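Residues per chain are reported as follows:
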Amino acid sequence: MANSTNDMRYAKNVLETIGNTPLVKLNKVTEGIKATVLAKVETFNPGGSVKDRIGVKMIEDAIRTGKLNPGGTIVENTSGNTGVGLALVAAIMGFKAIFTMPDKMSKEKIRLLKSLGSEVITCPTAVPPDSPESYYSIAKRIVETTPNSVLANQYFNDLNPQAHYETTGPEIWEATAGRVDYFVGGLGTGGTISGVGRFLKEKKPEVKIIGVDPEGSILKEYFYTEKIGEAHPYLVEGIGEDMIPGTCHFQYIDEMITVGDKESFRMARRLSREEGLIVGGSSGSAVHAAIEVAKTLDDDKVVVVLLPDTGERYLSKFHSDEWMRENRMFDAKLLTVADLLKAKSSALPPLVFVKVDDTIHTALDFMKSYNVSQLPVRGERDWVGHVAEGNLMDLVLASKIAGDEPVEKAMGNPFPSLALDAHYADALKLLAEKNPAVLVKDGDAVVGILTKYDLVEFMLTKLD
Ligand SMILES: Cc1ncc(COP(=O)(O)O)c(C=O)c1O
């Protein structure tokens, strides 16, 4: 849609840059898979998400039908991304924008909307959709009491799936030259999957459309049984529902797959690290499901999976190691000794030790003040041994050693050592083999110590 004047190519405004996002082949997270898995990377939209596509469509229609006039206000209940799409339209077209959001949404999303000039009202997440406190109800009330305002209404406005029928679907069809066999995407409003599904099935009825639902959402159960179950809290943002959106046209969906928070976040982090795709948690859910599907397929099959939004919106959430640890989301297999060291309480210095000529008394004092039961012993050049509290006390009680004698006389073997990038399993093995502690090395320098206690505490509090 770029304009061209005297060979200059530019967009008339940022709204013209929405859509025509690339399809990018996934190479590493799909290791061992024969089928081609292509990601439709919606982070390339100017607002960083797939929802830019529907913002323009819904507002253009409100203007055309006279629901919104100059100086008016756009209102929406949004998990964030639709707000950004609408805020872009409001900024370019000169409208005001007010958004209601559930309070579980990331701070980045709220700040982003404010940076685009919008007003944001956060509402409790843990209330039913028909409660007067819900973000749906509050958005409705704002429209009722604000003159010249319109509710974009992404959950019931059919222009939402229509936008995907007109843009996302055809783009996938053209970019794959009609070779797409499976489309995998998450459902929030269901707009994306309904619009893309309808378009692709019209072109090629045998295309399979796979919906992705987070654990805790009611959509998958509804798809298979038409029963409305009970929703449970989950952490992935943007997908899953506690009600049935009017924009979700289940007739275009062939199968639904449930994906949990942990799998979603782990896959989103892998997409960043291994594929260079900085994406949100719902992209992780979608790729996790796409891989499940692709595992069963031959090499002539093409799977397209949609990545709805950018990971920059979640830097303080699952893209942060600390957040992953606090929320017990780490996969122990992927952890390194450096991760274990970072997780230790910062109340202690990273390494408490005694020198070979320090006295037994000093060693016992150190153990008491730092509340540790063993210490490594440092020689002139190297780590020469260790002392253990129980053993020192036994020796003193049996009068086999005096408090003013050097620790050298009572020390055991040096602790084994591991590099910072060694695996969790290596630390587990050494500590389970009766070593009370392991020294951690960065090159030749010892930078920390991991004790049995540290590892047990980590296993009990940070892993399942
Ligand atoms: C991050 C994210 N992923 C996925 C979706 C789902 O898209 P749709 O509402 O079209 O089903 C949304 C929708 O808000 C979203 O914000």
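Residues numbered from 1 in each chain as written. Predicted model: local features only at pLDDT ≥ 70, side-chain atom pairs only at ≥ 80, totals over all residues.

Visitor: How should I be thinking about the sheet that holds strand S9 (residues 182-186) in this particular structure?
Guide: Either a parallel or an antiparallel arrangement is found when strands of a sheet pair, and the pairing is made through backbone hydrogen bonds. Strands sit in the order S3-S4-S12-S9-S10-S11 across an open sheet of six strands; the sheet is mixed. Of all strands in the sheet, those bounded by a partner on one side alone are strand S3 (23-25) and strand S11 (255-259). Between one strand axis and the next, the sheet turns through 25° on average, direction left out of account. As paired strands, S9 and strand S10 (residues 208-214) are joined by five bridges and run parallel to one another. The residue bridging Val184 from the neighbouring strand is Ile210, located in S10. Where helix H6 (residues 191-203) meets the sheet, it contacts S9, S10 and strand S12 (302-307), and its direction lies at approximately 165° from that of S9. (Pairing = 2+ DSSP bridges. Helix = DSSP H or I, 4+ residues; strand = E, 2+ residues; numbered from the N terminus. Axes fitted to C-alpha atoms, helices over the stretch in contact; angles between N-to-C directions. Contact = placed C-beta atoms within 7 Å.)

Visitor: Just checking my understanding: could you explain the site of the ligand for this structure?
Guide: Residues in close proximity to the ligand total 19 residues, the closest being Gly188, Thr189, Thr192, Gly238 and Pro308. Elements with a contribution of two residues or more to the shell around the ligand: helix H2 (81-93) and H6. Take the shell around the ligand: its biggest share by element is three residues, from H6. Partitioned by chemical class, the residues of the shell around the ligand number four nonpolar, twelve polar and three charged. Taken domain by domain, the shell around the ligand gets at least three of its residues from each of domain 1 (20-48 + 158-326) and domain 2 (52-151). (Near = placed C-beta within 6 Å. Nonpolar A, V, L, I, M, F, W, Y, C, P; charged D, E, K, R; others polar. Domains from an automatic or database assignment.)

Visitor: Quick question: what am I supposed to make of the pairing of strand S4 (residues 36-41) here?
Guide: Side-chain direction in a regular strand flips from residue to residue, so the side chains alternate between the two faces of the sheet. Taken across its six residues, S4 has six buried, putting it largely inside the fold. Burial along S4 is two-sided: Thr36, Leu38 and Lys40 and Val37, Ala39 and Val41, pointing in opposite directions, are all buried. Judged from the three bridges that link them, S3 and S4 form a sheet pairing that is antiparallel. When the bridges of S4 are listed, Val24 appears paired with Ala39. As paired strands, S4 and S12 are joined by six bridges and run parallel to one another. Paired with Val37 across the bridge in S12 is Val303. (Buried ≥ 20, exposed ≤ 12 C-beta atoms within 10 Å, placed from the backbone.)

Visitor: Hey, could you run me through the packing of helix H8 (residues 261-275) against helix H9 (residues 281-294) in this one?
Guide: Helix-helix packing is characterised by the crossing angle of the two axes and by the distance between the axes. Interhelical geometry of H8 versus H9 gives an angle of 95° and a closest axis separation of 7 Å. The orientation of H8 relative to H9 falls into the category roughly perpendicular. Across the interface between the two elements, Glu263, Ser264, Phe265, Arg266, Met267, Ala268 and Leu271 of H8 pack against Gly281, Ser283, Gly284, Ser285, Val287 and His288 of H9. Broken down by class, the residue content of the contact of H8 with H9 amounts to five nonpolar, six polar and two charged. (Parallel < 35°, antiparallel > 145°, perpendicular 65-115°, else oblique.)

Visitor: I keep staring at the sheet that holds strand S15 (residues 383-388) and nothing clicks. Help me out?
Guide: One open sheet accounts for three strands, arranged S13-S14-S15; its pairing is mixed. In this open sheet, the two edge strands, each paired with only one partner strand, are strand S13 (354-355) and S15. Both strand S14 (residues 374-378) and S15 contribute to a ladder of five bridges, which runs antiparallel. Counterpart to Val377 in the pairing with S15 is Gly385. Sheet contacts for helix H13 (residues 389-397): S14 and S15; angle to S15, the most-contacted strand, approximately 70°.

Visitor: Can you walk me through the domain arrangement of the protein in this structure?
Guide: It is common to report an interface's size as the accessible area lost on association of the parts. The domains assigned to the protein are domain 1 (20-48 + 158-326), domain 2 (52-151) and domain 3 (332-462). Each of domain 1 and domain 3 was reduced to a C-alpha centroid, and the two centroids are 47 Å apart.

Visitor: Can you help me understand the nonpolar core in this one?
Guide: A general trend in soluble globular proteins is that nonpolar side chains are found buried together. With 74 residues, the main nonpolar core has Phe183, Val184, Ala290, Val303, Val305 and Ala427 as its most contacted residues. Residue contributions to this core peak at seven residues, all from H9. Each of domain 1 (20-48 + 158-326) and domain 3 (332-462) gives at least three residues to this core. Those residues in contact with Ala427 that lie beyond four places of it in its chain are Val337, Leu340, Leu418, Ala422, Val438, Leu450 and Leu455. Counting residues in each nonpolar core, the second largest holds 34 residues, with Leu15, Met58, Ala62 and Leu113 among its members. (Core = buried A, V, L, I, M, F, W, Y, C linked by C-beta atoms within 7 Å.)

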